[in-house]
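# Fold and geometry: a report
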Amino acid sequence: MVKCANKLLVVIFCVFFAILGTGFYINFKSEAILTPNMPGYAEAMAARNIHTGILTPNMPGYAEAIAARQNSSCKRGIDVSYHNGDIDWQAVKNSGIEFAIIRTSYGWSNWEKQTDKKLRANISGAKAVGMPIGAYHYSYATNTHEALLEAEFFINRLRWTQWEYPVFMDFEDKCHMTLSNSQRTDIVLTFLQKLKENGYYCGLYTFLNFQKYHLDMNRLSGHELWIAHWHPTCGCTSPYGMWQHTSDGSVPGIRGRVDLDYCYKDYPSIIKNSHYNGF
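Residues numbered from 1 in each chain as written. Predicted model: local features only at pLDDT ≥ 70, side-chain atom pairs only at ≥ 80, totals over all residues. Heavy atoms only, no water.

### Section: helix H6 (residues 144-158)
In this model, H6 (15 residues) spans 20 Å end to end at C-alpha, consistent with the 21 Å of a helix rising 1.5 Å per residue. Here H6 has its buried residues at Glu146, Ala147, Glu150, Ala151, Phe153, Phe154, Ile155, Arg157 and Leu158. For H6, the elements touching its buried residues are strand S4 (99-106), helix H5 (119-128), strand S5 (133-138), strand S6 (167-170) and helix H7 (181-197). Structurally, the start of H6 carries an N-cap: the backbone nitrogen of His145 is 3.1 Å from a side-chain oxygen of Asn143. (Helix = DSSP H or I, 4+ residues; strand = E, 2+ residues; numbered from the N terminus. Expected span 1.5 Å × (residues − 1). Buried < 20%, exposed > 50% of the residue type's maximum accessible area, 1.4 Å probe, protein only. Contact = heavy atoms within 4.5 Å. Polar contact = N/O pair within 3.5 Å; in protein donor to acceptor, adjacent residues only side chain to side chain.)

What follows is the structure, encoded as structure tokens:
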């Protein structure tokens, strides 16, 4: 009887440590399930600086992990430019990345020089493996006239292909900091309205503190928001559809660091069903 009991204890301990070794834990009180392959896991673990999958509501990363578990449309993506070099798009797709946002351009004064050097290669590479893509233009506009010039440049490059994800104005540069909140918001609205008039499903990309303190988000509420905040939790109180959660990601097929994103909306269906972005 004692031997049987000892054997039973050994089995129980083996099972227990085997479960811990898988990196997940079910917290019955909070109904949290966290596994290594789901969005929020890396951030939650980094925030807690431990190597188990125990997660409770008062811990950093909990909200993102639960949102990822509950929202089946949550997808993992990257955003890239020529800074990321030559990309092996098949390796990227095989790693589990589900979408990419590609830089098309920046500024407005010289279209040839200010078109991203890897734009054509990134478009063709992503399309060849069936990777859905969106786009962004980095803005230096400091008035509404320049915003229109940038929008025209962006639209010209957008016409090179169809975009399954939104097309974004990247608005964050130090040249914008000398302006008022009203002026900055006017610039963004002018740019996005021009895109919308030309049939594009568009939005704003910026950092959390920039949208919080330097823009009137009430005036921008009719457009999509892609928020950047390199932190275990997003913390954005405005509605957002995408979150760039790190600039220090690693993805097979890309040498060096790469920006990583979560997407919480089914943009391909929204865009195709409403015939935006060339569809």
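### Observations regarding unusual backbone geometry
Unlike most non-glycine residues, His275 shows phi in positive territory, near 60°. Turning to its location among the elements, His275 is positioned in the segment after helix H9 (267-273). According to the relative accessible area criterion, His275 is exposed, its value standing at 59%. Phi at Asn277 takes a positive value of approximately 55°, unusual for a residue other than glycine. In this structure, Asn277 sits in the segment after H9. Here Asn277 falls in the buried class, since its relative accessible area comes to 0%.

### Here we look at the confidence of the model for the protein chain
Confidence along the protein chain averages 84 in pLDDT terms, with 74% of residues attaining 70 or more. Low confidence marks residues 1-5, where pLDDT is under 50. Its contacts with residues over four positions away, or in another chain, come to zero contacts. Scored below 50 in pLDDT, residues 48-53 makes 10 contacts in the model with residues more than four places away or belonging to other chains. (pLDDT = per-residue confidence, 0-100.)

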